[in-house]
Amino acid sequence: MNRRKFVLNTFLTSIGGLVGINYLKGNNPIGEHLKSSVNGGIMLDNPTIISTWKFGIEANAAAYEILSKGGNALDAVEAGVRVPEADLNNTSVGRAGYPDRDGKVTLDACIMDKDGNAGSVAFIQHIAHPISVARAVMEKTPHVMLVGDGALQFALENGFKKEELLTDNAKKAWEEWKKKNNYTPPVGPNNHDTIGMLAIDKAGNISGACTTSGLAFKMHGRVGDSPIIGAGMYADNNVGGAAATGLGEAVIKIAGSFLVVEAMRNGKTPQEACEMAVHRIIEKQKNYKDIQVGFIAINKNGERGAYSLVKGFQYAFHQKGENKVYDSDYHLKE
Ligand code: SD4
């Protein structure tokens, strides 16, 4: 090798080494501008969790149990969202969810890890913890998404228990709804309560999860945004993550969570990114005044954002050992 080639090779090897080390630190040089747009570098050793709605506080606490002991963000988000999934008083997520207009409880969920792997189930029945089935789809199959009977079959083959999920309370609510509503699927602003969660672990890696029974009394077979990677939730370890709640149809049409993450990649703060996505819905969705959509986001520095169309959206944020519910800012002020 002549001297010129040797110098060039040494130079390239050092660049390669630097890039490698930066990746190992979770500090992707491609996202370098992110560092300058927020205050100084990827956050390590400071677990951060954000989740939708007030009940996110218990979910955050369960996720923090794992993160505080050095556990990873993927385990944390799964454990976190399993809390509302199991909660018999929560009628919009998991086992006690309200049914569709035919009286069937059908659940949607998705999960993403720090490496961009993703798993999802949609329109699954009889399984109380769809988030764990979504994780199994991610880890045990070559696929991202399984739906309906196929998702159920996969769950049963993997040891999940088949259960009747329709509670007496949910059945009563459905029977009342049937009397008044003429079998018409609802879209109003008060029919939402999905849990979406993003967590950053001590190593500075992010994962996300989202799970729901979807819109109460929806058409049989309807799938919302929540199990759709990039709509209901998206996480990118170079940038941050986002999750959505509210009318899934509006979120799907703008690829909402992906939009928020891409906006952060391009230099917006999490707050600016959430506001931008809500404004995109306003631009595209004529009836935006009659619906609700909310977004939450965090970037890799642990900075947060939240914004919704109308008043009433809340989220739970856990950082530096403090777990609190916050009112989100919103667009439609009287
Ligand atoms: C859906 N986004 O299925 C969900 C509904 C929900 O909080 O409850 N969001 O459209």
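In case you missed it, the structure is sitting above this.
Residues numbered from 1 in each chain as written. Predicted model: local features only at pLDDT ≥ 70, side-chain atom pairs only at ≥ 80, totals over all residues. Heavy atoms only, no water.

A. Here's a closer look at the overall build of the protein chain. Along the backbone of the protein chain there are 10 helices and 13 strands. Partitioning the intrachain contacts of the protein chain with sequence separation of at least 6 by distance along the chain shows that 65% fall at a separation of at least 24. With an accessible surface of roughly 14800 Å², the protein chain has 52% of that area assigned to carbon and sulfur atoms. (Helix = DSSP H or I, 4+ residues; strand = E, 2+ residues; numbered from the N terminus. Contact = heavy atoms within 4.5 Å. Areas by Shrake-Rupley, 256 points an atom, 1.4 Å probe, with all protein chains shown as cover.)

B. How the structure looks around the packing of helix H3 (residues 56-68) against helix H4 (residues 73-86). Interaxial distance between H3 and H4 falls to 7 Å at its minimum, and their mutual angle equals 150°. Judged by the angle between their axes, H3 and H4 are roughly antiparallel. The hand of the H3/H4 crossing is right-handed. Residues Glu58, Ala59, Ala62, Ala63, Ile66 and Leu67 of H3 lie in contact with H4, whose contacting residues are Ala73, Asp75, Ala76, Ala79, Gly80, Val83 and Pro84. (Axes fitted to C-alpha atoms, helices over the stretch in contact; angles between N-to-C directions. Parallel < 35°, antiparallel > 145°, perpendicular 65-115°, else oblique. Left-handed = near helix turned anticlockwise from the far one by under 90°.)

C. Spatial organisation of the packing of helix H9 (residues 256-265) against helix H10 (residues 270-284). With their axes 8 Å apart at the nearest point, H9 and H10 run at an angle of 135° to one another. Considered as vectors, H9 and H10 are oriented oblique to each other. Relative to H10, the crossing made by H9 is right-handed. Taken together, the residues of H10 that come into contact with H9 (itself represented by Gly256, Leu259, Val260, Ala263 and Met264) are Pro270, Ala273, Cys274, Met276, Ala277 and Arg280. Split by residue class, the contact of H9 with H10 holds nine nonpolar, one polar and one charged. (Nonpolar A, V, L, I, M, F, W, Y, C, P; charged D, E, K, R; others polar.)

D. Broad picture of the pairing of strand S3 (residues 118-124). Burial runs high along S3: seven of the seven residues are buried. Across five bridges, strand S2 (residues 107-112) lies against S3 in antiparallel orientation. Looking at S3, one finds that Met112 is bridged to Ala118. Hairpin connection of S2 to S3: five residues between the antiparallel strands, including Gly116 at a positive phi of 85°. (Buried < 20%, exposed > 50% of the residue type's maximum accessible area, 1.4 Å probe, protein only. Pairing = 2+ DSSP bridges.)

E. Spatial organisation of the pattern of salt bridges. Counted according to the given criterion, the structure contains 11 salt bridges. Taking the shortest distance from any N to any O, the salt bridge between Glu65 and Lys69 comes out at 3.2 Å. Its relative accessible area of 46% is what places Glu65 among the partly exposed residues. A single salt-bridge network, built from bridges that share partners, covers Asp75, Glu78, Arg135 and Glu139. (Salt bridge = Lys/Arg side-chain N within 4 Å of Asp/Glu carboxyl O.)

F. A look at the sheet that holds S2. Taken together, the eight strands give an open sheet; going across it, the order is S4-S3-S2-S6-S5-S1-S11-S12, and neighbouring strands pair in mixed fashion. The strands lining the two open edges of the sheet, one partner per strand, are strand S4 (145-147) and strand S12 (322-327). Strand-to-strand twist in this sheet, taken as the mean axis angle between neighbours without regard to direction, amounts to 10°. Pairing between S3 and S4: three bridges, direction parallel. Paired with Val121 across the bridge in S4 is Leu146.

G. Quick look at H4. Across its 14 residues, H4 extends 20 Å between first and last C-alpha, which sits within 8% of the 20 Å expected from 1.5 Å per residue. Considering only its buried residues, H4 is in contact with H3, S2, helix H5 (130-140), strand S5 (195-200) and strand S6 (206-212). Among the residues of H4, the N-terminal cap falls to Asn72, whose side-chain oxygen and the backbone nitrogen of Leu74 are separated by 3.0 Å. (Expected span 1.5 Å × (residues − 1). Polar contact = N/O pair within 3.5 Å; in protein donor to acceptor, adjacent residues only side chain to side chain.)

H. Region of the structure containing the site of the ligand. Around the ligand sit 13 residues in total, of which Thr194, Arg222, Asp225, Thr245 and Gly246 are the nearest. The backbone of Asp193 places a nitrogen or oxygen atom 2.9 Å from an oxygen atom of the ligand. Contact between the ligand and Arg222: an oxygen atom at 2.6 Å from a side-chain N or O atom of the residue. Relative to its unbound accessible surface of 290 Å², the ligand loses 100% to contact with the protein. Of the residues assigned to the shell around the ligand, the class counts are one nonpolar, nine polar and three charged. (Near = heavy atom within 4 Å.)

I. The arrangement of the packing of aromatic side chains in detail. Taken as a whole and judged by the stated rule, the model has five aromatic pairs. Pairing Trp177 with Phe217 gives two aromatic rings, centres 4.9 Å apart and planes at 20°, and the pair type is stacked. Taken as a pair, Trp177 in helix H7 (residues 168-181) and Phe217 in the loop between S6 and strand S7 (233-236) lie far apart in primary sequence, 40 residues in all. No difference in accessibility class separates Trp177 from Phe217, as the two residues are buried. Between the aromatic rings of Tyr234 and Phe258, the centroid separation amounts to 4.9 Å while the plane-to-plane angle is 90°, which identifies the pairing as edge-to-face. One end of the pair, Tyr234, is in strand S7; the other, Phe258, is in helix H9, with 24 residues separating them in the sequence. Overall, Phe258 belongs to the partly exposed group, its relative accessible area being 33%. (Phe/Tyr/Trp six-rings, centres within 6.5 Å; stacked < 30°, edge-to-face > 60°.)

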